[in-house]
Every structure is written in C-alpha cells, then in structure tokens.
Amino acid sequence: MIEIAPDKFDESIFRLLGKDWALITSGDIENFNMMTASWGGAGVLWAKPVATIYVRPERYTHEYIERTRRFTLSFFPSQLRQALAEMGSKSGRNFDKMHYEALTPIEMPSQQVAFAQARIVMDCQVLYKDTMAEEKFLDKQPLEKWYGGEHGNLHDIYIAEIKHIWINE
Ligand SMILES: Cc1cc2nc3c(=O)[nH]c(=O)nc-3n(C[C@H](O)[C@H](O)[C@H](O)COP(=O)(O)O)c2cc1C
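All values derive from a computational prediction rather than experimental measurement.

Caption draft 1: Representation of the site of the ligand in the model. Near the ligand, the surroundings consist of 20 residues, among which Y60, T61, G88, S91 and G92 are the closest. Looking at the shell around the ligand, the elements that each hand over two or more residues are β3 (31-37), β5 (48-55) and α2 (60-68). In terms of residue count, β3 provides more of the shell around the ligand than any other element does, four residues in total. Of the residues in the shell around the ligand, the class split is eight nonpolar, eight polar and four charged.

Caption draft 2: Up close: the pairing of strand β10 (residues 156-167). In the sheet, strand β1 (residues 2-4) pairs with β10 via three bridges, with the strands oriented antiparallel. Following the sheet pairing, I4 is matched in β10 by I165. Examined bridge by bridge, strand β9 (residues 120-131) and β10 share 11 bridges and lie antiparallel to one another. Each bridged residue has a counterpart across the sheet, and for D130 the counterpart in β10 is I157.

Rules of the game
- Residues numbered from 1 in each chain as written.
- Predicted model: local features only at pLDDT ≥ 70, side-chain atom pairs only at ≥ 80, totals over all residues.
- Near = placed C-beta within 6 Å.
- Helix = DSSP H or I, 4+ residues; strand = E, 2+ residues; numbered from the N terminus.
- Nonpolar A, V, L, I, M, F, W, Y, C, P; charged D, E, K, R; others polar.
- Pairing = 2+ DSSP bridges.

Distances and angles like these do not, on their own, reveal function.
So this is what it looks like as structure tokens:
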C-alpha cells in the first residue's frame, strides 16, 4: 500500500460509504473487531482532515473505539460485498470475526488493523465524541424512522483525525 495526502484523495465519499460500504476496525492485531458502516463522512475540521462515523453503543466495535480511540476505515472491491454484509449482520460478541476467511487482517505501520483485500484504508484517531439526543432532532422524521424498536439506540458520533490514507495499487 502507498500513502497519499488527503488532498490527493479524489474518490467520492458518497459512493464509497453510502453505496459500497466500509469496515470500521478497532483494536490491535491480537485483539480487534470490525463492523460494516454505510453512514459517515470525511471533510475538514479544526484545520485537520477528519472522518466522522456514527456507531450505536450496542455494537461490539463501540467497546473497542471507546477503549483505544482509534479505528481504521477500509474500503473494498465489489467482490467483497458478501463479506461486508456478513460483518454488518453478525456481532463479534458471538462470531469469530478475527479469523474470517475472506478478510486477511494486516497490521498497519501505526499498529492499527486493516485488511489485505482493502482498496483504501483511512487510519483515524478520535478527536471528539458526542451522543445524539432526541431533543436535538430539529426534524423528527429521522428520529422516528431510524431509532427505537428493532433499530436500536441513538448513535454515538465520533469525529476523528485522518492520520493516514493508504491505497492499494
Ligand atoms: C450496510 C450496513 C451498514 C451499516 N452501517 C452502520 C453504521 O453506520 N453504524 C452502526 O452503528 N451500525 C451500522 N451497521 C450495523 C453493524 O454493522 C452491525 O450491527 C454489526 O453486526 C455490528 O457488529 P459488532 O457487534 O461486531 O460491532 C450497518 C450494517 C450494514 C449491513
């Protein structure tokens, strides 16, 4: 993988996250967990390149992010779609995600974990965390649509500095 500067990164984050999906991975090579995400963003804050992710507190990956304050975002070729669907429907609490055949974990130079099959890896360090609150929804439609019942709890919002972007050529 080669490292590129954030301002040289020219792929659509709307497509990468919203359509192709990503894996959020947190922990070290001996003990990590990952989950699929299709909500999030990338931009600039406090004069730093940042990625924002939204993680419900009930996710096992949430525990890792809370503990380490680090995560990677990995983006994959379309052949890995099924693997992403599985990582988004099973929890590492009762499924051995660390030894999942289709995804080969690799240790990045920063000691964070990503995958050999990834096309793009963003290595992130959390700067800021907040929890969504019902009274802050100025439009209640997303609140009613996406929370409660089978959906789950309000998301925690993590804004993280993108320390490195690596691409697999
Ligand atoms: C396409 C897709 C996108 C998802 N996006 C998110 C997300 O942005 N935030 C979130 O908290 N959960 C999201 N999920 C759900 C988690 O990936 C799922 O609950 C996963 O099993 C959690 O795994 P864990 O308990 O091992 O962390 C998504 C699932 C899928 C299939």
